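Chains, contacts and geometry: an overview
Read off the chains here:
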Amino acid sequence: MSKAVIAALLERFPDAVYQPYVGVGGDACAFVQKDRIADVCRFLRDDPAMDFKMAPYVTAVDYLGANPRFEVVYNLVSTSKNHRVRLRVKVPEAELSVPSITPIWRGADWFERYCLDMYGIQFPGHPDPRRLLMYDEFVGHPLRKDYPLKGRQPIIPEREIDDLFRGPGPAGRS
Amino acid sequence: MQSNDRQMPASDLDAPMPSKRMVLNMGPSHPAMHGVTRAVVELDGESIVQMKLDIGFLHRGFEKSCESVTWNQCFPYTDRLNYVSAIMNNVGFALAVEKLCQLEIPERASWLRVIGSEVHRICDHLTLIGAMGMELGAMTVFLYAIEARDLLWDRLTELCGARLTSSYCRIGGVARDMPEGWDQKVIQSLDRVAELREEINGLLARNRIFMDRTQGTGVVTREQALEFGFAGPCLRASGEPWDLRKASPYLVYDRLDFDIPVGANGDNFDRYMMRIEELRQSDRILRQCFQKIGPGEIIASDPRYVLPPKPEVYGTIEGVMHHFKIVMEGIKVPAGEAYSYTEAANGELGFYVVSDGGGRPYKLGLRAPGWPMTASLPHIMKGKLLADLIPTFDSINMIGGEVEQ
Amino acid sequence: MAENNANVPSAPPAVAPKPPGPPPPKNPGMVTCTIDGREVISKPGTSVIEAAKTIGVEIPYYCYHKRLSIAANCRMCLVEMTNAPGGKLMPACQMPVAEGVAVQTQSNRVLDQRRATLEFLLLNHPVDCAICDQAGECKLQDYYFQHDLKPSRLDVPKVEKEKRVVLGPLVVLDQERCILCTRCVRFMSEVAKNPQLGVAERGNQSTIVTFPGKPLDSKYSGNVVDLCPVGALTSREFRFAGRVWFMSSAQSLCTGCARGCNTFLDYMSESTYRYRPRENEAVNQEWMCDDGRLSYKSLNVDRVLAAREGRGEGKALPRQEAVTRAAEVLKPLAQSKKLAALFSPVASLEDLLSAAVVVKEALGLTRVYVGGRPDGWQDDLLKRADENPNRKGLELVAQAFGLELRPFSELASAVAAGSVKGVWAVGAEVPDLAQAPGFGKLEAFVCQAYGTNALTPQATLLLPAAPHSEMDGTFVNFEGRAQRFELAYWPRGASRPHWALAAELGAALGLGYRWQTSRELFEELGKRLSGALGDFQWDSLPSVGKRSGLTPLQAGTVDGRLPGYRERVAPEVSEDARLALVRNP
């Protein structure tokens, strides 16, 4: 049944969705052009036959040495129709941004912030684009393959006590 | 006579009060902030105008660490994700890798995994109920829940050697078989847990204070819950009947007879009732498992993924070479990617594994079940009372280990 | 007409028509055959193993080696070939490709044969993996895992032989582990041209031996350790030194002589454990001499790791301070005949370029004295008499900068005569260490050295340098071939590569060069060598650990082994991040 979703996507977005395949274990997967992912996701959420109302799990992979280097993977599930789909978006290092799907599902918020924090992928359209798990002054993106396992960070000056009351980090100050 | 009220108010009591929003920092070390989470709440009186969550204090680099160890060495890392229900993390990871290897596990191993998962599910729910009660003032409930949980932990020690961080699964099956007579002991413990559970429910479910604090607070409608990406008991409390054990059954859940509780209001009380009801259902599942489990192997016999028996390792060159290659280089999972999902205590626990054909994971992405619930807190709590933050934080069951990986 | 019958000569007996000859080859001049259903076109005479490698089909083997004669005694490479006499399986190492033949390497018969061969080989193999050095790079382990995976059926005791036979100064033999592939025997006889090894006894009692009473003392004996597919022949220097999967490999060069044999430098957290030869058809094929093999020891011991002021014991200084002091001390002597520069041809091209710039522009000298190790032995296989890796490089640098090169003896006599009052030495290797005490008269002797020797106690300022294992650089060998080597681990202690020390010294003397890496330096100064290095590319060394391809990705180092525990930052990390992560000086 999930393959029907991919078929529908191919029909509806012939220029954006390419290379559909059946993954190991029967997963229905396809690749999507980077700039069109928001349109595809909006269709998947709104179309009654698709009905992917639940916020997807978004993660990124760093294929160091390949070009395009990064890939953002969306694992969507429809609770009413019980289908699952995996969409993969290739992101080159030169243009490290993917349209945000947070306006479509608010639940994608932190997943995209995680990708930003760990891989450095920007999500224009995201309401709160700052690091999630690492502190703001962190240098680099830890889950990238060229970041060492035991990396050392520069020593940063301690924040003044006042800042604790104004919110987390310089980026978070309102 | 018209007096000039504005220039001279009748008394100080009528004068407009200057008010300023107070920014209150809760955490990261705070008894109610599960794990270590920092919530900065901006208060207008008692209402939360805005809330910012600052996480990352428990980030231990799970994904990065797993990329530098072999596949079987990832199990201790997965244990420490949702540390109150470790076996479910093990099972989730093992299923993901077995999906990628296309490896069939023996039936007895599936039963043992389900048994372990359900016991840990009970532990997780007991922890939540206990903590919820305690933070709303019912200390007794916490102690009862801990007593029940401890009983089950004793059983788990007998099964896998540790109360909490079990490392029970292996790629291809489970590490150890259940000891003799263990099933009888577990059933006895379950009886006692059931007694305690009913007592706890009796103390809380009709309790005026508990009901006032949890009914109607932290309301999440069904649409909101889906949009936020909720899964598990929190989603079901909002009215969406979605349980992966029924929707896409894995292991042996399709052979078990159990129900899925679904709530109506999506408030904290419903989420609490979900847990209670799921405790009853897990109990039911476990008793069925013990009846239905049959003898058999506990780990697959595929030599590419599974270690040889120890007498062979010590006695024959083939055995020691086999053991050596698997342990030192790691099992060679075929290159590719797979996403596998299970119903953990908290929701959909997903593992996205990417392998490059080598002995170590290339990428191990974790969909923590508690993550969307925690992320939605600032949205849910906007405009609500500060006192409502506590039961809400409790009932969404944020476990620091999995949210902060 | 009886007469007619008698006179008519009888017709010649009917001759059967000649059978048709073999069809003409599909590709004239080459041989076309099929391996596993895929067409392979190769030169006539290529063995099936080599032809299969060209299309990526791996046929397992133990006794075959592409640079040795064919023995075909291990029977691991047996494959199905349609031109096999009697339908037997044929050894792929020995059979050349033939026109139109179909080879099957994955049929059930071949797979069963591989299992059977491995079973036989393993029957008497000792259960030694836990203590065997070869673990982690052992072909028995690898092939067992890929092709066998069946448990043992042996129920009688294994044959026992000697476990620790010292064959020579470098090699020790474990007779039980030997699978008698005879690679070592063939190597010694064909490549090293010194047949010191042979097989004694017969049947399952066979062992490898040297002639009774004679050791395996050829200068190339270390290569049999690399050749041995199992842990029978092990290096006495490396025995039990470390487990190979913890080690990482850097692509390096041997600095024992001017040939610059390509090596893998195996290291683990700041310590070099061994050299293994790296294949380079033009330079060293796949071999190294024993002296070069053991030259890694100078990277670990007798190192200068901190700067020192004063002769003998002296006073320890932070390196930056020592460099400033050196500049102060050399400045008054600059631009005069009283100052001499001594360059060692052990330093790399980048080191020498940086030093030449300082000499020319800051110190104003026109001549440079050449140090270096004294000449050694030479043979017609690999070793050169000149034991310095970069003499040619030094000549090229001097030519590019217009510096005159003079021999060390002239410097020694000038120092003895007192006409030279100060010396700046880049590298402390000198051809005649007996002259070293003479350097005690100098007013100022700034010496950059990575290892202590008889000369370093005479330095008034000793600056800690880093050897080639701790920098990225180039050596130019005796043929004029420029070869790159890469950094294995960051410079130990307070040391820095010669080029960095020279650059710091130059900066203290007023020069404006601020190179952060040797690549920057080469980009700027390499231009002056103007084509002397031919088509040499500085980036010619592929980064170790760089992964190419999408699926499947290669996991491991360039030699295919797992990377082990890497503690250094990968080269792909940006320079900013890398500098931020380098330890404080």
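Residues numbered from 1 in each chain as written. Chains lettered and ligands numbered in written order. Predicted model: local features only at pLDDT ≥ 70, side-chain atom pairs only at ≥ 80, totals over all residues.

What about helix 11 (residues 391-401) of chain C?
- Along helix 11 of chain C, the positions that sit buried rather than exposed are Arg391, Lys392, Gly393, Leu394, Leu396, Val397 and Phe401 of chain C.
- Downstream of helix 11 of chain C by one or two residues, Gly402 of chain C has phi in the positive range, about 70 degrees. (Buried ≥ 20, exposed ≤ 12 C-beta atoms within 10 Å, placed from the backbone. Helix = DSSP H or I, 4+ residues; strand = E, 2+ residues; numbered from the N terminus.)

What about the interface of chain A and chain B?
- The partner chain B presents 39 residues to the 31 residues of chain A that form the contact.
- Put simply, the parts of the chain that give the side of chain A that touches chain B at least two residues each are strand 3 (57-62), strand 4 (70-78), helix 3 (109-119) and helix 4 (163-166) of chain A. (Contact = placed C-beta atoms within 7 Å.)

Section: the environment of Ile208 of chain C
Residues and elements named next belong to chain C.
- Here Ile208 is to be found in strand 9 (residues 207-210).
- Taking the C-beta count within 10 Å as the criterion, Ile208 has 23 such neighbours and is therefore assigned buried.
- Residues Ile208 and Leu173, spaced 35 residues apart in sequence, show a C-alpha to C-alpha distance of 8.1 Å.
- Once residues within four sequence positions are removed from consideration, Ile208 is found in contact with Leu173, Cys178, Cys184, Val185, Leu197 and Val199.

So, the sheet that holds strand 2 (residues 28-32) of chain A
All names here are of chain A.
- With respect to topology, five strands assemble into an open sheet ordered 1-2-5-4-3, the strand pairing being mixed. Each having just a single partner strand, strand 1 (17-22) and strand 3 make up the two edges of the open sheet. Shown here is a sheet whose adjacent strand axes are inclined to one another by a mean of 20 degrees, direction ignored.
- Alignment of strand 2 against strand 5 (residues 83-91), held across four bridges, turns out to be parallel. Bridging across to strand 5, Phe31 finds its partner in Arg88. (Pairing = 2+ DSSP bridges. Axes fitted to C-alpha atoms, helices over the stretch in contact; angles between N-to-C directions.)

Quick word on the domain arrangement of chain C
All names here are of chain C.
- Under the domain assignment used here, chain C contains domain 1 (31-119), domain 2 (153-299) and domain 3 (302-537).
- Counting residues at the interface gives 23 residues for domain 2, matched by 26 residues for domain 3.
- Elements represented by at least two residues in the side of domain 2 that touches domain 3 include exactly strand 11 (248-253), strand 12 (262-268) and helix 8 (297-300).
- In terms of residues, the side of domain 2 that touches domain 3 owes the most to one element, strand 11, which gives four residues.
- By residue class, the composition of the side of domain 2 that touches domain 3 is twelve nonpolar, nine polar and two charged. (Domains from an automatic or database assignment. Nonpolar A, V, L, I, M, F, W, Y, C, P; charged D, E, K, R; others polar.)

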